[in-house]
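Structural characterization, general
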Amino acid sequence: MEIGKETVKGHIAWVDVLRIVACFLVIVSHSCDFFVGQFDDNRMEFLSGVSWGSLVRPCVPLFVMISGVLLLPIRMDMRTFYARRMKRIIIPLVFWSILLPVLYYIYVSMVNPDNLVPEEHTLAATLTKFYTFLFNFSYDTIPFWYLYMLIGLYLFMPILSAWLAQASQKDVKCFLGIWFFTLFIPYIQLIAPALGYTGNYGNMGLFGVCDWNPYGTFYYFSGFLGYIVLAHYLVKYPLNWSWGKTLGVAVPLFLAGYLITLFGFITMQQAYPGNYAYLEIVWYFSGINVFLMTFAVFITIQKLAVRPSAFLSKVASLTFGVYLCHFILVQGSYDLVYTYLPVPAYLQIPVIAVLTFCISLAVIWLMSQSKLLRKVIG
């Protein structure tokens, strides 16, 4: 795929930047969780967490778009593609799904010397997690929801690639148009009751969704698949805008998305206190507000004339490993910063994120020096 000449050993410079940015934004988002969870108990900490957390919502969609840039079109048979991609996901998933609960058990036991260990982190619960990851992630591996989702995208990508290879620009724009509509569905579902919609037997799903059918009209056009197609489209049909036009579009879109995300979350928390399901609607990665922010960041970084750098490429190559290991390090960094750095929460959050990123990067770099451990960091 012809994406640009800014490469080092197969790395695309602006994509390396995008990977590092997306990875750091993920760490910032998890650094916010402790503060967002304060809600009304500490309003200033809550608002600080929501302000930062809303700012970095493009993190996961950007990671997905990177897959669309680097993997499409697929130039190999399905079996070879599956073998290569699944090996890079499943081996690390198994390794870290076992290791992280052990590390959490050790850490929680150390910081709770009076045996006041939460039930989630007891020895019995930890041993259970050694095999229940086959069903889903646990608290210790919360970020791994992304890996389960990514496996699903990989399974479908050869089929998607075959269509994209023969689809016209107009066809792809049609797909993206339908997907764009699905970005509004969470909000349509939110306002539908105010318009008299009472659901079906208690299920408030739309467009055919009910207790016996989770697959509605737009199910196959919704979610992260659209970000994959969008990334491929923007690379195949680049915008070629001037910097003035790029920023003239990107900045208002990002600000609009951020303000909707920030004030929407605060409003939902006040309207539905304690209802986490409603709170998450505004933070959905597949919501229109997060899309606006994601699109703005992507087209801006894609526009960068980044000088190729071996150092940049190396850091970018380690970001998947950083993603895999960072969650427990966020916990440790929070405990350290919250205890020993008496500054406002809005300053503690970036410090926690930077500290976590640096430690995670160092850990994964050390692991990358071993041929054996290299297999478990992606």
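Here we summarise the structure given alongside this text. (Residues numbered from 1 in each chain as written. Predicted model: local features only at pLDDT ≥ 70, side-chain atom pairs only at ≥ 80, totals over all residues. Heavy atoms only, no water.)

In this section: the overall build of the protein chain. Counting its regular elements, the protein chain contains 15 helices and two strands. For a compact globule of 378 residues, the expected C-alpha radius of gyration is about 21 Å, and the protein chain comes in at 21 Å, within 12% of that figure. Taken over 378 residues, the protein chain has a buried fraction of 47%. Intrachain contacts of the protein chain at a sequence separation of at least 6 include 79% that bridge at least 24 residues. Working note: accessible area of the protein chain is about 18700 Å², and carbon and sulfur atoms make up 67% of it. Within the protein chain, the 16 negative side-chain charges are centred at a point lying 20 Å from the centre of the 22 positive side-chain charges. (Helix = DSSP H or I, 4+ residues; strand = E, 2+ residues; numbered from the N terminus. Rg over C-alpha atoms; globule rule 2.2 N^0.38 Å. Buried < 20%, exposed > 50% of the residue type's maximum accessible area, 1.4 Å probe, protein only. Contact = heavy atoms within 4.5 Å. Areas by Shrake-Rupley, 256 points an atom, 1.4 Å probe, with all protein chains shown as cover. Lys, Arg positive; Asp, Glu negative; His and termini not counted. Charge placed at Lys NZ, Arg CZ, Asp CG, Glu CD.)

We now examine the packing of aromatic side chains. Across all of its chains, the model carries 37 aromatic pairs by this definition. An angle of 90 degrees between the planes, with centres 5.6 Å apart, marks the rings of Trp-14 and Phe-298 as edge-to-face. Of this pair, Trp-14 sits in helix α1 (residues 13-36) while Phe-298 sits in helix α12 (residues 288-303), and the two are 284 residues apart along the sequence. Exposure class is identical for Trp-14 and Phe-298. Each is buried. Geometrically, the ring pair formed by Phe-34 and Tyr-334 is stacked, given 4.1 Å between the ring centres and 5 degrees between the ring planes. In this pair, Phe-34 is assigned in helix α1 and Tyr-334 in helix α14 (residues 319-340), connecting sequence segments 300 residues apart. Assigned by exposure class, Phe-34 and Tyr-334 land together as buried. Each member of the aromatic cluster is reached from another via a ring pair, and the members are Phe-63, Trp-145, Tyr-146, Trp-179, Phe-180, Phe-184, Phe-224, Tyr-227, Phe-285, Phe-291, Phe-295 and Tyr-323. (Phe/Tyr/Trp six-rings, centres within 6.5 Å; stacked < 30°, edge-to-face > 60°.)

Moving on to the packing of helix α4 (residues 78-111) against helix α5 (residues 123-132). Interaxial distance between α4 and α5 falls to 8 Å at its minimum, and their mutual angle equals 170 degrees. In terms of axis orientation, α4 runs roughly antiparallel to α5. Contacts from Ser-97, Ile-98, Pro-101, Val-102 and Tyr-105 of α4 reach α5 at Leu-123, Thr-126, Lys-129 and Phe-130. Here the residues of the contact of α4 with α5 sort into six nonpolar, two polar and one charged. (Axes fitted to C-alpha atoms, helices over the stretch in contact; angles between N-to-C directions. Parallel < 35°, antiparallel > 145°, perpendicular 65-115°, else oblique. Nonpolar A, V, L, I, M, F, W, Y, C, P; charged D, E, K, R; others polar.)

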